[in-house]
Amino acid sequence: MEDMVSSRDWPNLPSDLLRDVSSRLHAAADYVRFHAVCRPWRDTLPPAPARPAFLPWLLAPCDGTGHRRARCVFSSSKSRRRRRATAVATRIRDRRWVISTDDGVATWPQTGSPDSRGLVDPLAGSAATLLPRYPDEVEPWAEHATTLVSGDGTIFLYSFGHHAAFLRPGETEWTVVGRCPYVSAGYRDRSSVVHRDGRIVVCVGDSSRCIVRTPSVNLYYEWSRMPGEPDKVLRSSYVLESRGELLWAFVQVRSAYYWYNDVLGYGVGGGRKRKRKAEAMAMSVSVYGLQEVEGGSVLRWVRRDRRSLADRILFLGRPSSFAVDAARFGMSGGGCAYFVHRRRMRRRVYKYSFRHKRSQLVEKLPADWDDEEACMWVTPKPDIAPTQLRSEKGLRLQGTSKS
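If you're wondering where the values come from, they're calculated on a predicted model, not measured in any experiment.

**Things to note about a positive patch on the surface**
Part 1 of the reasoning: There is a patch of like positive charges on the surface, built from R306, R307, R355 and K357.
Part 2 of the reasoning: Tracing the backbone shows K357 in the loop between β23 (346–353) and β24 (358–364).
Part 3 of the reasoning: K357 gets classed as exposed once you look at its relative accessible area, which sits at 56%.

Okay, structure coming up:
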């Protein structure tokens, strides 16, 4: 069997077959590896707009050296020794990340003179969006603000204090927001925010509290338990935008499991596999949408049923979360949420299926990820140069060395 595999003419596989395989690789690490096998495989690299959608990477909180660990938990590479999936990990310099709430694509704010600021691609370094000058009242806090790009293209700045501003597509001046939701300093690292059509939703810490700011009033919501779910304990909550709707997602654990394991510390009997399965089965995700009722005069959080989420994938993190269509990754039966849960000094990545109403463990993160601050997801855009460009660059370098 090994002789048959080694005797195949892998570099000369049909181009159509290579392109079809390449289009199904949604983990950026797998995609890069595939096109790095040999020159004929690299020649099938399509233009950037025609490349497949890539699954997000997970970013750890910033460490003491100003760096973040990045991890692709979706890579299909296998460890020959342990015969299990192994994540691709790297370490990158931290910046003030700007996350798109539409697809999770990240950019970095470009610092410099007030007239040359913009958002740049973190990999290619090219300018993605130029920004107008900040107003005088925004300038003191803008460089440290949480920045999001809403689904409609609006750029939103929020300082988790009394300050916020936004820039709509096509506008040349920032709009400063008054009466912003205030979050005390002790909760800011564990809070999340989202903005859409003038409405600001701030989720405060790991609690079931959120503040909804509309152009006319600030509304406060606090639930001791989720409505209709008295047998569950809240572990974390997140706000996000999906298809123009503002959503509030809750990660919960069954009360019996929480008290028996986390409070009393008895644990589940049996081996590691049984313990991991018991913990995963105890985890669940509930999602609520902010809807107008009573003719639009009242805003209310309404529970979303599993059918309404069957074609979406949620990536829950802080300070921002996002949702994408499952069809982008070839998942016809999507309807799931990915989240990170920290228990007993170890972090684990879980996937919750809205269709089957159960969670499964995706990966146990390394020990150096055990920070109390939350993780966030970002969607990569690998900058892969076609063979022709690489050859031209090599010739230029070769000519430079001769001279």
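**With respect to the confidence of the model for the protein**
Part 1 of the reasoning: Averaged over all residues, the pLDDT of the protein equals 78, while 75% of them reach at least 70.
Part 2 of the reasoning: Per-element mean pLDDT across the protein ranges from 44 in helix α8 (residues 387–402) up to 93 in strand β20 (residues 312–315).
Part 3 of the reasoning: For residues 389–403, every residue scores under 50 in pLDDT, and the model assigns this stretch three contacts once sequence neighbours within four places are set aside.

**A closer look at the pairing of strand β13 (residues 199–204)**
Part 1 of the reasoning: Burial analysis of β13 places five of its six residues in the buried class, the great majority of the element.
Part 2 of the reasoning: Sheet topology places β13 next to strand β14 (residues 209–213); five bridges connect them, and they run antiparallel. Residue pairing across strands places C203 opposite C210, the latter belonging to β14.

**Quick notes on helix α3 (residues 28–35)**
Part 1 of the reasoning: Counting buried positions over the eight residues of α3 gives six, a clear majority of the element.
Part 2 of the reasoning: Every buried residue belonging to α3 is among A28, A29, D30, Y31, F34 and H35, and all of these are buried.
Part 3 of the reasoning: Contacts made by the buried residues of α3 are with α2 (15–23), α4 (39–43), β1 (57–59) and β3 (88–93).

**A word on the nonpolar core**
Part 1 of the reasoning: Core analysis: the biggest nonpolar cluster contains 43 residues, and L58, W97, I313, F315 and W377 have the highest contact counts within it.
Part 2 of the reasoning: Listing elements by their share of this core, those giving two or more residues are α3, β1, β2 (67–72), β5 (106–110), β20, β21 (322–325), β22 (336–343) and β25 (376–378).
Part 3 of the reasoning: Broken down by element, the residue count for this core peaks at four residues, all from α3.
Part 4 of the reasoning: Every residue in contact with F315, bar those within four places of it in the chain, is listed here: L55, P56, F74, S321, F322, V324, Y338 and W377.
Part 5 of the reasoning: Counting residues in each nonpolar core, the second largest holds 23 residues, with Y257, A282, V287 and L314 among its members.

**Here we look at the environment of T129**
Part 1 of the reasoning: Along the chain, T129 falls in strand β7 (residues 127–130).
Part 2 of the reasoning: A residue is classified by how much of its surface remains accessible, and T129, at 32% relative accessible area, is partly exposed.
Part 3 of the reasoning: For T129, the residues in contact, after removing those within four places along its chain, are G118, L119 and I155.

**Side note on the pattern of salt bridges**
A side chain with one charge can pair with a side chain of the opposite charge if their charged atoms come near.
Part 1 of the reasoning: All chains considered together, the criterion is met by 12 salt bridges.
Part 2 of the reasoning: Across the pair E363 and R71 runs a salt bridge, and its minimum N-O distance is 2.6 Å. Taken together, the positions of E363 in strand β24 and R71 in strand β2 put the pair 292 residues apart, joining distant regions of the chain. Each member of the pair, E363 together with R71, is buried.
Part 3 of the reasoning: Between D325 and R243 there is a salt bridge, and its shortest N-O distance comes to 2.8 Å. Residue D325 is found in strand β21, and its partner R243 is found in the loop between β16 (232–242) and β17 (245–254); the two are separated by 82 residues along the sequence.

**A closer look at the packing of aromatic side chains**
Part 1 of the reasoning: The final tally for this structure, using the stated rule, is 17 aromatic pairs.
Part 2 of the reasoning: For the pair Y134 and W174, a centre-to-centre distance of 5.3 Å together with 50° between the ring planes defines the contact as tilted. Taken together, the residues Y134 in the loop between β7 and α5 (139–142) and W174 in the loop between β10 (164–167) and β11 (175–176) connect sequence positions 40 residues apart.
Part 3 of the reasoning: An aromatic cluster is present here, built from F74, F315, F322, Y338 and W377 joined pairwise through their rings.

**Concerning the sheet that holds β25**
Part 1 of the reasoning: Here four strands make up an open sheet; going across it, the order is β3-β2-β1-β25 and the pairing antiparallel. What marks the edges here is a single partner per strand, and that holds for β3 and β25. Ignoring which end each strand starts from, the neighbouring axes of this sheet average 30° apart.
Part 2 of the reasoning: Judged from the six bridges that link them, β2 and β3 form a sheet pairing that is antiparallel. Bridge assignment links C72 to a residue of β3, and that residue is V88.

**Some points on the packing of α2 against α3**
Part 1 of the reasoning: Between α2 and α3, the least distance of the axes is 10 Å, while the angle of their chain directions is 160°. Here α3 runs roughly antiparallel to α2, going by the angle between their axes. Crossing geometry of α2 relative to α3 is assigned as left-handed. Between α2 and α3, the residues in contact are L18, V21 and S22 and Y31, F34 and H35, respectively.
Part 2 of the reasoning: Split into classes, the residues belonging to the contact of α2 with α3 amount to four nonpolar, two polar and no charged.

About the criteria used
Residues numbered from 1 in each chain as written. Predicted model: local features only at pLDDT ≥ 70, side-chain atom pairs only at ≥ 80, totals over all residues. Heavy atoms only, no water. Patch = residues over 30% accessible without salt bridge, like charges linked within 9 Å, V, L, I, M, F, W, Y side chains within 5 Å. Areas by Shrake-Rupley, 256 points an atom, 1.4 Å probe, with all protein chains shown as cover. Salt bridge = Lys/Arg side-chain N within 4 Å of Asp/Glu carboxyl O. Lys, Arg positive; Asp, Glu negative; His and termini not counted. Charge placed at Lys NZ, Arg CZ, Asp CG, Glu CD. Helix = DSSP H or I, 4+ residues; strand = E, 2+ residues; numbered from the N terminus. Buried < 20%, exposed > 50% of the residue type's maximum accessible area, 1.4 Å probe, protein only. pLDDT = per-residue confidence, 0-100. Contact = heavy atoms within 4.5 Å. Pairing = 2+ DSSP bridges. Core = buried A, V, L, I, M, F, W, Y, C linked by side-chain atoms within 4.5 Å. Phe/Tyr/Trp six-rings, centres within 6.5 Å; stacked < 30°, edge-to-face > 60°. Axes fitted to C-alpha atoms, helices over the stretch in contact; angles between N-to-C directions. Parallel < 35°, antiparallel > 145°, perpendicular 65-115°, else oblique. Left-handed = near helix turned anticlockwise from the far one by under 90°. Nonpolar A, V, L, I, M, F, W, Y, C, P; charged D, E, K, R; others polar.

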